[in-house]
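# Structure at a glance
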Amino acid sequence: MLWVLFLLLAWAAAGLACTRLCLAAVHAATADTGAVASTGFPADSGADRAPALTLYEAAFLSGGPVRVADLTLVSMARQRRLLLAHTGWATVVDPDGRDDMERSVLGAIGPRGQARIAPVRRVAAAADSVRRLADRLAAAGLAVPDGAPTTVAGAVRQVRAAAAAAPVLGATALLMPGQFSESRGVIALWFALPLAVALLCLAIARFEVHPYNRWASPAGQRALAALAAHSDGTYLASVAVHGVRAAGEPDLRAAFAHRER
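Here the structure is a predicted model, which is why all the values come from computation and not from measurement.

## Thoughts on the environment of Val 123
Along the polypeptide, Val 123 turns up in helix α4 (residues 117-125). The class for Val 123 is partly exposed, based on a relative accessible area of 40%. Separated by 15 residues in the primary sequence, Val 123 and Ala 108 have C-alpha atoms spaced 5.8 Å apart.

Written out as structure tokens, the structure is:
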């Protein structure tokens, strides 16, 4: 009967993960209601009624602080004020930043005017200018506040892990010595139940709270949809929303592919 312990583990993982997802969805809906009340726009008014976003704001809501740093680097490179080599190095051409984000990037590169892109991204993402941007978006109800309860995206990942753990625990229980062949089907059926619960929870979340976003609240996601609808796929808007992978230049993608040592 040792397999019962594995079954309890599977049920505990599925139950805790699904409960966490439900609580995260309720919290997101409550926060969205507060954001709607503060803006005066109904939640189902569509993307056209969502507040307009700057590219920096869109980058943060789409990918967080690192995406803001990436957008700043790409924007400066497009203006030929910064050179991004495919070897993973950034070289300053124009040392005068035009806003706080650019000054943060230049400060991360340092006085030598050249540095590897990976540490520059890390330092620029932690700059005060990005932190102020995050606070402003959170105050407007567009971003998930720092230190908030579990986000829907994080809860969905936990449910997926629980769904993957159920068959693994079931297989372990079936492979244990001393199991009679006639009881294997019953044991497999018991382990199929927590798997079914986790999959059902994921299916409901897919229809009710998709897309999952770690950084943007439901109001922020509507604002992102409005930006995508009105940006006509411009280069920097695509980078802000989809990241450097949306850039068409292979050398630029290669420059960001280098990881920090």
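## A short note on the pattern of salt bridges
Tallied over the full model, the rule gives eight salt bridges. A salt bridge links Glu 249 to Arg 78; the shortest N-O distance between them is 3.6 Å. Placement of Glu 249 in the loop between α9 (235-242) and α10 (250-257) and of Arg 78 in helix α2 (residues 55-78) is noted, with a sequence separation of 171 residues between them. A relative accessible area of 32% places Glu 249 in the partly exposed class.

## Observations concerning unusual backbone geometry
In the Ramachandran plot, Arg 80 falls in the positive-phi region, its phi being about 60° despite a non-glycine side chain. Residue Arg 80 is classed as exposed on the basis of its relative accessible area of 61%.

## Points about the confidence of the model for the chain
Averaged over every residue, the pLDDT of the chain is 82; residues scoring 70 or more account for 82%. Note on residues 36-48: pLDDT is under 50 here. Beyond four places in sequence and across chains, it has eleven contacts.

## With respect to a nonpolar patch on the surface
On the surface, a cluster of nonpolar side chains totalling about 430 Å² of accessible area is made up of Trp 11, Val 186, Trp 190, Leu 193 and Val 197. In terms of residue count, helix α7 (residues 181-208) provides more of the nonpolar patch than any other element does, four residues in total. Summarising the element assignment, Leu 193 is placed in helix α7.

## A short note on a positive patch on the surface
Side chains of Arg 157, Arg 160, Arg 206 and Arg 214 sit close together on the surface and give a patch of like positive charge. Residue position: Arg 214 is located in the loop between α7 and α8 (218-230).

## Looking at α8
The first and last C-alpha atoms of α8 sit 19 Å apart over 13 residues, in line with the 18 Å expected at 1.5 Å per residue. Among the residues of α8, those classed as buried are Ala 219, Gly 220, Gln 221, Ala 223, Leu 224, Ala 226 and Leu 227.

## Structural notes on helix α3 (residues 100-109)
The α-helix advances 3.6 residues per turn, and as a result positions three or four apart in sequence lie on the same side. Within α3, seven of the ten residues are buried, which leaves it mostly tucked inside the rest of the structure. Where α3 is buried, its residues touch α2, β1 (82-84), β2 (89-92), β3 (114-116), α4 and α5 (128-139). The N-capping residue of α3, defined by a side-chain oxygen 3.0 Å from the backbone nitrogen of Met 101, is Asp 99. Just beyond α3, the residue with positive phi is Gly 110, at close to 95°.

## Observations concerning the environment of Phe 6
Looking at where Phe 6 falls in the secondary structure, it is placed in helix α1 (residues 3-39). When the C-alpha atoms of Phe 6 and Ala 166 are compared, they prove to be 8.9 Å apart, with 160 residues separating the residues in sequence. Those residues in contact with Phe 6 that sit more than four places away from it in its chain are Leu 169, Thr 172, Ala 173, Met 176 and Phe 191.

## Examining the nonpolar core
Membership of the largest hydrophobic core comes to 43 residues, with the highest contact counts inside it found for Phe 60, Leu 61, Val 68, Leu 73, Leu 84, Val 105 and Phe 256. Filtering out sequence-adjacent residues up to four positions away, Val 68 remains in contact with Tyr 56, Ala 59, Phe 60, Met 101, Val 130 and Leu 133. Leu 21, Val 156, Ala 163 and Leu 202 belong to the second largest nonpolar core, which has 14 residues in total.

Cut-offs used in this document
Residues numbered from 1 in each chain as written. Predicted model: local features only at pLDDT ≥ 70, side-chain atom pairs only at ≥ 80, totals over all residues. Heavy atoms only, no water. Helix = DSSP H or I, 4+ residues; strand = E, 2+ residues; numbered from the N terminus. Buried < 20%, exposed > 50% of the residue type's maximum accessible area, 1.4 Å probe, protein only. Salt bridge = Lys/Arg side-chain N within 4 Å of Asp/Glu carboxyl O. pLDDT = per-residue confidence, 0-100. Contact = heavy atoms within 4.5 Å. Patch = residues over 30% accessible without salt bridge, like charges linked within 9 Å, V, L, I, M, F, W, Y side chains within 5 Å. Areas by Shrake-Rupley, 256 points an atom, 1.4 Å probe, with all protein chains shown as cover. Lys, Arg positive; Asp, Glu negative; His and termini not counted. Charge placed at Lys NZ, Arg CZ, Asp CG, Glu CD. Expected span 1.5 Å × (residues − 1). Polar contact = N/O pair within 3.5 Å; in protein donor to acceptor, adjacent residues only side chain to side chain. Core = buried A, V, L, I, M, F, W, Y, C linked by side-chain atoms within 4.5 Å.

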